[in-house]
Every structure is written in structure tokens, then in C-alpha cells.
Amino acid sequence: MKAIRRFTVRPVLPEPLRPLSDLARNLRWSWHAETRDLFQSVDPGRWSASGGDPVRLLGSVPPARLAELAGDRRFLRRLAAVAGDLHDYTTGDRWYQAQTEALPAAIAYFSPEFGITAALPQYSGGLGILAGDHLKAASDLGVPLIGVGLLYRHGYFRQTLSRDGWQQEHYPVLDPNELPVAQLEEPGGAPAQVALALPGGRQLHARIWLAQVGRVPLLLLDSDVEENDLGERGVTDRLYGGGSEHRLLQEMLLGIGGVRAVRTYCRLTGHPEPEVFHTNEGHAGFLGLERIAELCDGGLDFDSALESVRAGTVFTTHTPVPAGIDRFDRELVARHFGPDAELPRIDVDRVLRLGMETYPGGEPNLFNMAVMGLRLAQRANGVSLLHGNVSREMFSGLWPGFDADEVPITSVTNGVHAPTWVAPEVFRLGARQIGVQRAEDAMSVGGSERWDSVADIPDQDIWDLRRVLREQLVEEVRERLRASWRQRGAGTAELGWIDGVLDPDVLTIGFARRVPSYKRLTLMLRDRDRLMDLLLHPERPIQIVVAGKAHPADDGGKRLVQELVRFTDDPRVRHRIVFLPDYGMAMAQKLYPGCDIWLNNPLRPLEACGTSGMKAALNGCLNLSVLDGWWDEWFQPDFGWAIPTADGAGTDPDHRDDIEAAALYELLEQRVTPRFYERGRSGLPDRWIEMVRHTLGLLGPKVLAGRMVREYVERLYTPAAVAHRALGPDTARDLAEWKARVRAAWPGVTVDHVETSASETLAELGTTLGLRVRVGLGGLGPDDVEVQVVSGRVDEQDRIGDATVVPLKAVGSAEQDGRWVYEGPLSLDRTGPFGYTVRILPAHRLLASSAELGLVAGPSEELVAAGGLLMR
């Protein structure tokens, strides 16, 4: 019989066990081994059945067992120690509190998804896992972050396979009362809520749930509340689901509702108000509009409010392809703003102008969330050095007249939260070497000196550890494979072969990620005979564990999954290659440590960062990857192998795949497998172990989320807080008026005449020439601009590369016709074809970049033609 109503019945813990509730509700347990060990000891069987979720565990333990534990002095001593440790962790000073700079009082961090733990399934892939690791690392460092996201009642889908290998999606309903979250409440006990105005006089209400991530509060907005009609209740139904309007409402709730939730949380708890707002990808971009509206309600005009908001906003882009950005029809956005909808006091045209693709190559009728994010943030970054380059190219249309390398988008390379992803066995080996506290500090704060001790770990210990981890993975794979085949309809009698799947002494390769076409799930299948030879080699076999989800609407991705699954079903190789459905955090935490090689073969440069290889590296797994994302930046032969790419502009995609697959096979045949199986005098694979040691000791400190968050604090959050404090109402008005004056005058800004002291086009290295430049400033003064000489080597089209920029100085006062004369030196510091040009840029002490306004004036075509190259 089916129940007509459902309740969540919570256990009443005996008084001595009350701290268990606090420990279960703080998600630090997800990365703190002692807390997990304590919960496991409550009831090992039920702990396993709960999937390692303390909230579910406590809801299933019989009262008799709780009474027994309440009288168990040894258990109560352990409970007191773990609870005391959590109290010290959440209240004591950490890295952030030891800094002497004027750091932000608080930072609000917005993301559409957060991967904290499998017990809170609010993520789909790398963006969410990165956001979760960002929060955890901020907590470890003591950074006063407030996370903001949505609570999806279905989360992301669960994946199973049909008998013929086709991906099937399931959306289990999540009850917040059964999750490690708590309602944020008003003083009288009523649920705290935010509301958005919708067209037609309707409202979208959302409740605020609080997940405590160590020291960091994570606010999650949930529209499934009684005050909403059926349509509005479904706004937060599932992650990345629904059509355009559904997504727009999700992103309005995340951005606008998220700011209102932060204000509510700070009002109720006394938490400092954020000085910096960080939007993780464009989904939360509307947060800037809400903050502008707040300032306008306080008396500022729109332009002044915009300057104030920009100063304290950081925008991180994660996509290297325009297709990965949310874009909405102009009319759809217009309908949801203005007098009859949200932010009624802001002119709808001002809202639209922030996101419209009004630049060469853009589609002027589309509202682009990333474009709005960039226009509303004074500081922006990509997530690896290579991705920063790709992002500057991709968004260069917003800064016309500037070379791509001058586009004001920097990069902070992603990192991963080591305490979450490092296997307990790996941690124990490190702790045995340097002590528990130093090992914990090494994983959270970083610092290479703490990792140097890896060099002292004996070879035998490293090799024994790798064997243990591989063996654990084999057991995990067999268990998951058996469950998958049962879901596909197989009977127990058909599954005896699974007991022989994988071998703990065989070189093990992992490949697990989302399945868009550019990640090339099936590249390994380009030459199936050659792959079979590798899998079945009599002396140096390999085995491969594959996992990944295709987006529910991506039939092409599902076909790739099916193609791979059908190959893994082949009785000749199914003991050597497996596909595991339902890739998620719980699986990943077993998969990374158990693999010897982590394979990554995207189409370069379409991988923004690719953090799965970082998590593998922290467990002593070597990377075998295309030079993309973070691997392009930190690859060394000590850490693994680089797959050569055939990314020339004229390469046919199929031919490119053939070339790169062949390069992959050759690496495996000639270099990877021989090194794994060859033995030195000690009977161990000495050279392989040395690579593992280098990966742990040298690469380990670089890939930490602690390093990443420290970079955000030092390079982005602190400058943003300083800029925000500098822009009080009067200063913001002055800056807005200055920008308006500069934009109005800019058509009259010209470079009219350039002359140099050189009479010949040939000169010696080290020569310094004098430059004299006559410019028109269109009514602006020398304080409003910077006149620069830009010089360097030139190519056949006279384009300057690797440029040197030197400012020129105004000489005297304006001439009778309003022109100004500037002078300065030009150093001929490079041999070969050399050229220069002169340009004028706006200049103001409060600009974060001279390219900020997107304005530049240079010589006319006639002047360039007359000047030509200085010398060859």
C-alpha cells in the first residue's frame, strides 16, 4: 500500500549523545576521518547501509543502542574529544586571521551547484565539485565566506543502463528534512524566506536552508513552498533542467534571491556583511543588479551604483566555448524586469544593456549571462593559465581595439580539497612520516616544505600502498558492476564472471568525467584491435575503469556511452575494461586512489581546467593527458605523460582523432606499460615509484584548493575589498561622472603626428630614440589619459608581438588649437624586425585596468601608412 502522507521522524538522542547531532549537521565530517570513524562505531552495519551519511544513520539506530552508547564511557570520551575538536576548528584562528592586510570582512560566493558530499547531492560535475572544494578550503583557512546556491528537490539525475547499454535517467525526490541541512528561521520560529516579483503580479517565494560546511555557512534557496503556485514550486526542481524561462527564473532566484538571502542571514546571525561578491560562472550574474537596486534605493543613481557594485565583484568563467554559456532571448529577459516584475525602479533598457552581445560577432538579440558577469565585475578570471588565454580571446569583443593578451581577465588555476580526495591510507602514510598535525596542515594550507618528506618514504612502502589501493578499487568495481548488471536485468547465474573482473596486480587506468563530445570518451576505441592487444597483453596487460554521465538532453553523448558499454560487454575483454554507471562523489573517492594512470584526452584547448587529474595525483596516480587545462601549465615528465595533439587549423576532426588515438596507443605500448612492469635490483619498479614520489612531493602542493583560495584572497578578494571601500557614494558619483565625460569626449581623442629622432630605418641594438607625439584630447586633460608608446618585434603584417609599453609625458600646456605634445624615449631592445605605435588610453586611479572602459585611440590609417615600420 502507498502512504497518503509522509513524515520525517527524527530520533530523540539521550542527553549525553546530543553532540552527535551537532557533528552530523556540520559537513566537516565529510572530510574529517575521526568524525566519520566515530559515527561508524555507533553501528557499523547501519553506517554502511546509510552510505556514510550521519543524518540517515542517526535516524535508523534503535533506541536500545542509543541508550547503550549513552552509558559507554569510552564512547563518550571519544565523542567529547571529536566535539571539542570541531569547536576549536570553527572558533580558533587560522591562516586568514594571521594575515596583516586589510582583508574583506566577508565574501559571498555564488554557484548554481555545490559538491560537498554524496549525502547532499546538489552537483552535476566539475563546476559543483570545484565550488564545494572552494568552500571547504576557505573553511580550513578561516576565510569568512558565505556560500549561496539553490536546493534542488531532485538534484542531478541518477544514471543506470538498459540491457543494450543506453543511459537511463532517474530523479529521486530529496526531502530536505532528511538532508544535513536546517531551515533558517526568524526570531519567532517562522521559516526565513525571500520573494521575487514575477510578471502578472505573481511572486516567487523561496525558503532558505542552511548547510554548515565547517566554518562556512552555505545558504540554499528552495521554491517548493506552500506560498507558491505549482509552476513556481518547480523552479528549483532539478539542476540544469527545464526550458529557457525555467532556467531564467532559477538564475534570477540564485542571483537576486541569493543576495536577499545573504542579507537575511547576516541580519539574523550577526555575520559581517560581505564586502566582496564572487560569482562562480555566469548563472548568478543577476546578483549585481540586486546590489545596484539596493544602492539606488539608498539614493545613488544607476551609474554610480554600478561603479560601486563593480568594484566589489569578482567573476570566474569556467567555459572555454560560447555554447557553454546561458543566453536568453531579449524579450524574455525584458518581460521579467521593470514596473510589472522584478527590480521595478530600474529601467529595463539598463538591465538589457548589461547582457546584450553588442559587439562584433555577437548576436544583438541575445542576453548573455557571462557578458553581464564581466560587465558587472571589475575583476574576472579563468581557471588555468591556458584557459585565461582562451577566455581573453573568447571575450575580446568586449574590449575592441585591444590585443587579446590585454583583455582584463586573469587566471587562478583551480585546486582540489586534499582532505576530501586523499585516501585515508595515503594520509596515514604521510602522517607516519611527519605527524598528524603537520600532515593535516600540508593538505589544507599547503607549503612545499611540508611535502618534502615524501622523499624519505621507502620504496617498498609506496609500492605496498599502491597495491592496497588497487585491490580496494577491484573490490569496489566488482560490487558496482554486479549491481549495474542486475539493474540491466541479468540474473545471479549470469554474473559469475564478475568475480574475475580486474586484477590488483595489473596496471590500472581511470577515465571518469561528464560526457560532452569534446572530452572524447571513445577516443580509446579508435583502433579496437590495438586496444584489445593492450588489454590482453600476455606480459604487460592494462585494465581500464570508465565512468561518466551524458546530459539527459544530449543523445550524442548517450550514444558515446552506449558505444563504450557495448565494447566493455564483449566477453573477450570484459574482465579488463569496465563502465560504471552513476558517477558521483562516492564513486570518485574510491576511483582516484585505486588507479595508476589517470587518462584525459579532450580536444585542446576546450578543457578549462580538468581537476579530476589533480585528485588522482594527490593519491600517487600519474597523469596521461593532452596538454590542456592545468596539465598544460604544470606538466613535467616526472608527473606523467603528455599526449601529442594534432590541433592545426586545417586538421579534419576525424583525422585528428585518429592521429591522437595512435599517439595514445604508442605511449601506452612504448613508455607507460614498460615502466610499470620493469623491475630494478630490488624487485620493485624503481622508476615508476620515483614518478609517484615526484607527483606527491612536487605536484601535490600545487594542486591544493588551499593554494587556490589563498590566491583568490591575495589577488582578487583583497583588491576588490579595497576598491569597494574606496567607492563611497560621493566617490562612486565622481567616478561615474568621469567615465561619462570620457566616453562623451572620446570621439575627439586623436593621435595626430608622431616623429622620432631616427632618420634611418636601421639602428643598433641598445639605441634609445626620442619620440615626440602631438595628440588631440577632445576636451579632456592630461590627467584623464595616458599616452603610450607600444613597441616590439613585428611579423610580416607589421603586428607587434611581446610588446613593451612605456608612458610618454606631456610637455608644457595645450597649444592654441587644443592639441598637446607628449615626449619620451623609445628603446631598441630587440634585434630583427622592430616596430612601434602610439596609443591613448583613459587613466584614473580607481580603474583596475587601463582597458577597463574598452576605449583606445591610435594613429589614423593615413598616419600609419606614412610612418610605416621604424626599422627592419
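Right above here is the structure, for reference.
Quick caveat, the model's predicted, so the values are computed rather than measured.

Cut-offs used in this document
Residues numbered from 1 in each chain as written. Predicted model: local features only at pLDDT ≥ 70, side-chain atom pairs only at ≥ 80, totals over all residues. Heavy atoms only, no water. Helix = DSSP H or I, 4+ residues; strand = E, 2+ residues; numbered from the N terminus. Rg over C-alpha atoms; globule rule 2.2 N^0.38 Å. Buried < 20%, exposed > 50% of the residue type's maximum accessible area, 1.4 Å probe, protein only. Contact = heavy atoms within 4.5 Å. Lys, Arg positive; Asp, Glu negative; His and termini not counted. Charge placed at Lys NZ, Arg CZ, Asp CG, Glu CD. 1 Å grid on protein atoms, 1.4 Å probe; cavity = no way out; pocket = protein on both sides within 12 Å on 5 of 7 lines; lining within 4 Å. Points joined across faces, edges and corners; volume = space filled by probe spheres on them. Nonpolar A, V, L, I, M, F, W, Y, C, P; charged D, E, K, R; others polar. Core = buried A, V, L, I, M, F, W, Y, C linked by side-chain atoms within 4.5 Å. Phe/Tyr/Trp six-rings, centres within 6.5 Å; stacked < 30°, edge-to-face > 60°. Lys NZ or Arg CZ within 6 Å of the ring centre and 35° of its normal. Pairing = 2+ DSSP bridges. Axes fitted to C-alpha atoms, helices over the stretch in contact; angles between N-to-C directions.

Draft legend 1. View of the overall build of the chain. The secondary structure content of the chain amounts to 29 helices and 27 strands. Over its C-alpha trace the chain gives a radius of gyration of 30 Å, about what one expects of a compact globule, namely 29 Å for 872 residues. In terms of principal-axis extent, the alpha carbons of the chain reach across some 95 × 70 × 50 Å. Within the chain, the proportion of its 872 residues that are buried is 56%. Long-range contacts, defined here as pairs at least 24 residues apart, represent 73% of the contacts in the chain between residues at least 6 apart. Counting 96 positive and 119 negative side-chain charges, the chain places the centres of these two groups 5 Å from one another.

Draft legend 2. Just the layout of surface pockets, in detail. Approximately 1,300 Å³ is the volume found for the second largest pocket. Those elements that place two or more of their residues in the lining of the second largest pocket are α7 (126–141), α22 (585–594) and α23 (612–617). For the lining of the second largest pocket, the class distribution of residues is 25 nonpolar, 14 polar and eleven charged.

Draft legend 3. Up close: helix α17 (residues 424–434). Considered for burial, the residues of α17 that qualify are Glu425, Val426, Phe427, Leu429, Ala431 and Ile434. Buried residues in α17 make contact with α18 (436–444) and α19 (459–487). Glycine 435 sits one or two positions beyond α17 and adopts a positive phi of about 100 degrees.

Draft legend 4. Representation of the environment of leucine 699 within the structure. Within the secondary structure, leucine 699 sits in helix α26 (residues 686–699). Measuring from C-alpha to C-alpha, the distance between leucine 699 and proline 320 comes to 24 Å, with 379 residues separating the pair along the chain. Setting aside residues no more than four positions away along its own chain, leucine 699 makes contact with Ala617, Trp630, Trp634, Phe639 and His694.

Draft legend 5. Quick peek at the nonpolar core. In terms of nonpolar packing, the biggest core is built from 109 residues, with Met524, Ile544, Ile597, Leu624, Trp641 and Trp688 touching the most fellow members. Setting aside residues no more than four positions away along its own chain, leucine 624 makes contact with Ile597, Trp598, Leu599, Asn600, Trp641, Ile643, Leu664, Leu667 and Leu668. Counting residues in hydrophobic clusters, the runner-up holds 62 residues, among them Leu184, Phe277, Ala284 and Val348.

Draft legend 6. Structural context of the environment of leucine 580. Structurally, the position occupied by leucine 580 is in strand β17 (residues 577–580). Overall, leucine 580 belongs to the buried group, its relative accessible area being 2%. Sequence separation between leucine 580 and cysteine 266 is 314 residues, and the spatial gap between their C-alpha atoms is 43 Å. Setting aside anything within four residues of it in sequence, one finds leucine 580 in contact with Val477, Arg480, Leu481, Val545, Val546, Ala547, Gly548 and Met587.

Draft legend 7. Spotlight on the packing of aromatic side chains. Going through the model one piece at a time under the given rule, you end up with 19 aromatic pairs. Judged by centre distance (6.2 Å) and plane angle (5 degrees), the rings of phenylalanine 39 and tryptophan 47 are stacked. You'll find phenylalanine 39 and tryptophan 47 in the same group, each marked buried. An angle of 45 degrees between the planes, with centres 4.8 Å apart, marks the rings of tyrosine 156 and phenylalanine 157 as tilted. We classify tyrosine 156 as buried; its relative accessible area is 12%. Note on phenylalanine 157: relative accessible area 0%, which makes it buried. Grouped by ring-pair contacts, the aromatic residues Trp463, Trp641, Phe676, Tyr677 and Trp688 constitute a single cluster. The ring of tyrosine 171 carries arginine 238 above its face, with NZ or CZ at 3.6 Å from the centroid. The ring of tryptophan 421 carries the charged tip of lysine 615 above its face, separated from the ring centre by 4.8 Å.

Draft legend 8. Inspection of the sheet that holds strand β27 (residues 834–842) at higher detail. Taken in spatial order, the three strands make up an open sheet running β24-β23-β27, and their pairing is antiparallel. Whereas interior strands pair on both sides, the edge strands pair on one side only; in this sheet they are β24 (800–807) and β27. Mean inter-strand twist for the sheet, computed between neighbouring axes without regard to direction, equals 30 degrees. The pairing of strand β23 (residues 785–794) with β27 spans nine bridges and is classified as antiparallel. Looking across to β27, one finds that valine 790 is bridged to threonine 837.

Draft legend 9. Geometry of the sheet that holds strand β15 (residues 507–512). Pairing is parallel across the open sheet formed by six strands, whose spatial order is β17-β16-β15-β18-β19-β20. The outermost strands of the open sheet, each flanked by one partner alone, are β17 and β20 (640–643). Between one strand and the next, the sheet's axes are offset by a mean angle of 20 degrees, whatever the strand orientation. For strand β18 (residues 597–600) and strand β19 (residues 622–626), the ladder comprises four bridges, and the chain directions are parallel. For isoleucine 597, the partnering residue across the bridge sits in β19 and is leucine 622. Against the sheet, α19 engages β15, β16 (542–547) and β17, with an angle of about 60 degrees to β17. Lying over the sheet, helix α25 (residues 653–677) contacts β15, β16, β18, β19 and β20, oriented at roughly 165 degrees with respect to β20.

Draft legend 10. Quick peek at empty space enclosed by the protein. Tallying each qualifying case throughout the model produces eight cavities of 30 Å³ or more. When its volume is computed, the largest cavity comes out at roughly 250 Å³. Around the largest cavity, the lining comprises 18 residues; the ones closest to its centre are Val426, Phe427, Gly430, Trp451 and Val454. Broken down by secondary-structure element, the contributors of at least two residues to the lining of the largest cavity are α17 and α18. In terms of residue count, α17 provides more of the lining of the largest cavity than any other element does, seven residues in total. Residue composition of the lining of the largest cavity, by class: 14 nonpolar, three polar and one charged. Roughly 70 Å³ of internal volume is contained in the second largest cavity. Lining the second largest cavity we find 13 residues, and of these Leu481, Trp485, Thr568, Asp569 and Phe579 sit closest to its centre. Looking at the lining of the second largest cavity, its residues break down into eight nonpolar, two polar and three charged.

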